[in-house]
Amino acid sequence: MERGPVLPDSLVLEIFLRLPHDAVLRAGLTCRQWLAVSRDEFLWRELFYSYYRIPRSVPRHPAAASWYREFRRLFDCIPCVEVQTLREHTDQVLHLAFSHKGHRFSSCSKDCTVKLWDTERLDGNIAMVHSSSMRQFNWGYTQFSQFNADDTLLLVSGVYMGPHHSSSGEIAVISLDNYTLLSRVRNKPYDVFGCWLNETHLISGNLHWIGNMTSCSVLWLNKAFQDVESENVNVVKRLFKIQNVNASTIRTVMVAHCRRHDNPDLLLDYEAQSQARRQKGQQQQQHRPLLFDLGTSGSEEDEDEETGGEEARLPAHRFPQPSMSGLGHVLQGCKNVGHTEMAIESHVAKVMGRAHTKAPDAALMEPSEPGEGEDKTYLLFTTGSLTYSPHQIGIKRIKPDQMTTCGPVLGEERSSDEFFDSLDHVIDIHGHIIGMGLSPDHRYLYVNSRAWPAGCVISDPMSPPPIAEEIDLHVIDLKSLREERRSLRAHRAFTPNDECFFIFLDVSRDFVASGAEDKHGYIWDRHYNICLARLAHDDVVNSVAFSPADQELLLSASDDSTIKVWRSPRMVRLAQAPGRPPRPRSFLPSWLNRGKNSAPSSGVNGKPQAGAGNTGTEQGEEV
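What counts and what doesn't
- Note that residues are indexed from 1 along each chain, following the sequence as it is written.
- At least 70 in pLDDT is required for a residue's local features to be given in this predicted model, at least 80 for side-chain atom pairs to be given and counted, and no such filter applies to totals for whole chains, interfaces and linings, which use all residues.
- Side-chain figures throughout are based on the complete set of non-hydrogen atoms in the structure, without hydrogens or water.
- Working definition: helices are DSSP H or I runs of at least four residues, strands are E runs of at least two. Numbering for both runs from the N terminus.
- Residue exposure (1.4 Å probe, protein chains only): buried if accessible area is under 20% of the type maximum, exposed if over 50%, otherwise partly exposed.
- Residues scored as charged are limited to Lys and Arg (positive) and Asp and Glu (negative), so that His and the chain ends carry no count.
- The working definition used for a salt bridge is a side-chain nitrogen of Lys or Arg within 4 Å of a carboxyl oxygen of Asp or Glu.
- Between N or O atoms, a polar contact is any pair within 3.5 Å; within protein, one atom must be a potential hydrogen donor and the other a potential acceptor, and residues adjacent in sequence are included only when both atoms are from side chains.
- The quantity called pLDDT is the predictor's confidence in a given residue, expressed from 0 to 100.
- We call two residues in contact when some of their heavy atoms are within 4.5 Å.
- Here the arc refers to the set of directions running from the helix axis out to each C-beta atom.
- Here, strands pair whenever DSSP counts at least two bridges between them.
- The axes used here are C-alpha line fits, helices contributing only the stretch in contact, and every angle between their N-to-C directions lies in the interval 0 to 180 degrees.
- Note on terminology: a nonpolar core comprises buried Ala, Val, Leu, Ile, Met, Phe, Trp, Tyr and Cys residues joined through side-chain atoms within 4.5 Å.
- Stacked, tilted and edge-to-face pairs are distinguished by plane angle, under 30 degrees for stacked and over 60 for edge-to-face with tilted covering the rest, among Phe, Tyr and Trp rings (Trp via its six-membered ring) whose centres lie within 6.5 Å.
- Cation placement over rings: the criterion is NZ of Lys or CZ of Arg within 6 Å of the ring centroid and within 35° of the ring normal.

Asker: If you had to explain the side chain of Arg534 to someone new, which residues and values would you point to?
Answerer: Examined against the element boundaries, Arg534 turns out to sit in strand E28 (residues 530-536). With no salt bridge to any partner, buried Arg534 finds its closest opposite charge in Asp518, at an N-O distance of 4.8 Å. In this structure the side chain of Arg534 is engaged in a polar contact, spanning 3.4 Å, whose partner is the side chain of His520. A distance of 3.5 Å separates a polar atom in the side chain of Arg534 from a polar atom in the side chain of Tyr522.

Below, the structure written as structure tokens:
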């Protein structure tokens, strides 16, 4: 049988450039010539930028071997397939945390329990291995947990309902060898949360009001337990004492160890965009973060619409927030105080702060030279200077002699003129901060915030500006200590200023994920800054967590009292073929079957949306 005339490769390529990616893959099965053309790098570069709607100034991921494989990574390796729903909690699930090895995770809930789960069962399912109720210690609920560096201890933070319903917090340390309670530490306000500094020491907070709107936050270093060998050594030591003005307080502490800043997992370097801006004459004299508008997640509202202002009022107990870090105390105190008196107090507090605050040591925050190898440790927290809502990131460097409780309980000696410690660095977010998360290498800090209107002026600290429904995702480089990126309007929240609650986010090597109030979790690619998946729940999504051992495994926790387990389409296919001998994977047929066997609802940027209806059968079989 004679062969007909063969189309030139260039013409086939021109045709393929006008087809969607799934049609290109299907056409590549026709003959060897078309298969070769369907793997053309130029073709897949064009398909990549058009399908994911990425600006062409953004270069390919530095670790990508080809455009085809990079398209495949973003399409097939995202944990967007729901494989299990855990229903052991009886109330809203507020936080999730993986162990550093990824073999276990913990969950906190308004049912006042902390539960531990095993992720390495032979059947592939996740199962609960332990549950501890904290009600016996008069807790209202558990809100946060964290494994120490060697996964032997678990820090659990909660709201402690003490005498007169003073809503301070408390931290408990649980041994993971026998699940015994080792220690309890008071933590005020409760949304300091607390965190580990190293394997055996944790950081807590205390708050002292010294006026209607002025307070002092004290951060303490605590030993997790007292053993026989150290019975004569202090178990606590004061780290910092910081003045708060205008009803603000220090909240959400976390520790960043800067050991790998010169060798990060992923360097967010967009030199190509900088060059493009210079060519267009748009290069700014001052550094400005790169901005990406990721849409409104299916909202029909106009992108320029902003939420209306609401008068400050007591929290509505959704999370619940008994006093919002002492805000109830402030509001009660301000009822009998006029604006003039509050303005005088604010002015006096600032004057006294300048006179009695220890000067910052500029050398502590100087960026280290490449290859210098200095091991810096930063304490990060949210704070504010204009109003009670947290709108700034405060940074304090922890010096080597502050890493243990040895030495004076009150820390280094200071003169009467150095009553307060100064902040080493402050980054203003210009909005209400509702979440923070560190990249695994601790190079980048990701921040959820709800923006204030542009150009707004705060005249009354008790009346912060209205906040946007859209959540901005900021990226701060902890090496240069400046904001590098901002992703605009990707996920949403609806509660007003005084009812805002924390939405925990998590960062893996390549992805960042966050919850939202729109009943979805979201996954972005860190390099391309694009939203890849929406993970459906029946209520607010409070927390997400990637497995440190496998970023294709993600957990999400919701007000619907469930924890959902999400895996990538690739991992689902592998799990469905357990006894087959290993051989090279043929991605093409399974990719085609993924679109042929299912019709998922529309997701972000036209891509399939993950939800309860997605199962592993969508992904087809391997060949």
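Asker: Quick rundown of the confidence of the model for the chain? Include the residues and the values.
Answerer: Here the chain averages 80 in pLDDT, while 70% of its residues score no lower than 70. The low-confidence segment residues 272-285, where pLDDT is below 50, has 12 contacts with residues more than four positions distant or belonging to other chains. This model gives residues 594-623 a pLDDT under 50, and the stretch forms 72 contacts once residues within four places in sequence are excluded.

Asker: I'd like to hear about helix H9 (residues 569-576), residue by residue, with values.
Answerer: Along H9, the residues that are buried comprise Pro569, Arg570, Val572 and Arg573. An end-on view of H9 places all buried positions within 165° of arc, on one side of the element.

Asker: So what about the sheet that holds strand E2 (residues 93-98)? Which residues, and what values?
Answerer: Sheets are built from strands that pair by backbone hydrogen bonding, the pairs being arranged parallel or antiparallel. In space, the four strands of this open sheet follow the order E2-E3-E4-E5, with antiparallel pairing throughout. Taken across any chain shown, the strands that pair with only one partner, and hence form the sheet edges, are E2 and strand E5 (127-133). In this sheet, adjacent strand axes meet at a mean angle of 20° when their direction is disregarded. Where strand E4 (residues 113-118) meets E5, six bridges bridge the pair, whose relative direction is antiparallel. What sits directly across from Trp117, in E5, is Met128.

Asker: Please set out the sheet that holds strand E18 (residues 392-397) residue by residue, giving values where relevant.
Answerer: In spatial order, the strands read E14-E17-E18-E20; together these four strands make up an open sheet with antiparallel pairing. Across the chains shown, the open sheet's two edge strands, defined by having one partner strand only, are strand E14 (251-257) and strand E20 (425-428). Strand-to-strand twist across the sheet, computed as the mean angle between neighbouring axes with direction ignored, equals 20°. With four bridges connecting them, E18 and E20 associate as antiparallel partners. Across the sheet, Gly394 pairs through a bridge with Val426, a residue of E20.

Asker: Just give me the short version of the nonpolar core, but keep the residues and values in it.
Answerer: Core analysis: the biggest nonpolar cluster contains 38 residues, and Trp44, Phe48, Tyr52, Ile54, Phe71, Ile523 and Leu554 have the highest contact counts within it. Those elements that provide at least two residues to this core are helix H1 (9-16), helix H2 (21-27), helix H4 (41-52), helix H5 (67-76), strand E26 (511-514), E28 and strand E29 (541-547). Top element by residues in this core is H4. It accounts for seven residues. Every residue in contact with Leu554, bar those within four places of it in the chain, is listed here: Pro79, Ala513, Ile523, Leu535, Val544, Ala545, Phe546, Lys564, Val565 and Trp566. Core analysis: the second largest hydrophobic core is formed by 17 residues, Met254, Cys258, Ile395 and Ile476 among them.

Asker: Outline the side chain of Glu170, listing residues and values.
Answerer: The topology assignment puts Glu170 in strand E8 (residues 167-175). Here Glu170 falls in the buried class, since its relative accessible area comes to 6%. Within the structure, Glu170 has its side chain in polar contact with the side chain of Arg184 (distance 3.1 Å). In this structure Glu170 touches Phe137, Trp139, Val156, Ser157, Gly158, Tyr160, Arg184, Val185, Arg186 and Asn187, once residues within four positions along its chain are discounted.

Asker: Tell me about the packing of aromatic side chains, and please be specific about residues and values.
Answerer: For the structure shown, the criterion picks out 23 aromatic pairs. Judged by centre distance (5.9 Å) and plane angle (85°), the rings of Phe48 and Tyr49 are edge-to-face. Given a relative accessible area of 0%, Phe48 falls into the buried group. Given the relative accessible area of 7%, Tyr49 is considered buried. Feature note: the residues Trp44, Phe48, Tyr49, Tyr51, Tyr52, Trp67, Tyr68, Phe71, Phe75 and Tyr528 constitute an aromatic cluster, connected by ring pairs. Note that Arg39 overlies the ring of Tyr68, its terminal NZ or CZ placed 4.7 Å from the centroid. Between Arg60 and the ring centre of Trp67, over which it is positioned, the NZ or CZ distance is 5.3 Å.

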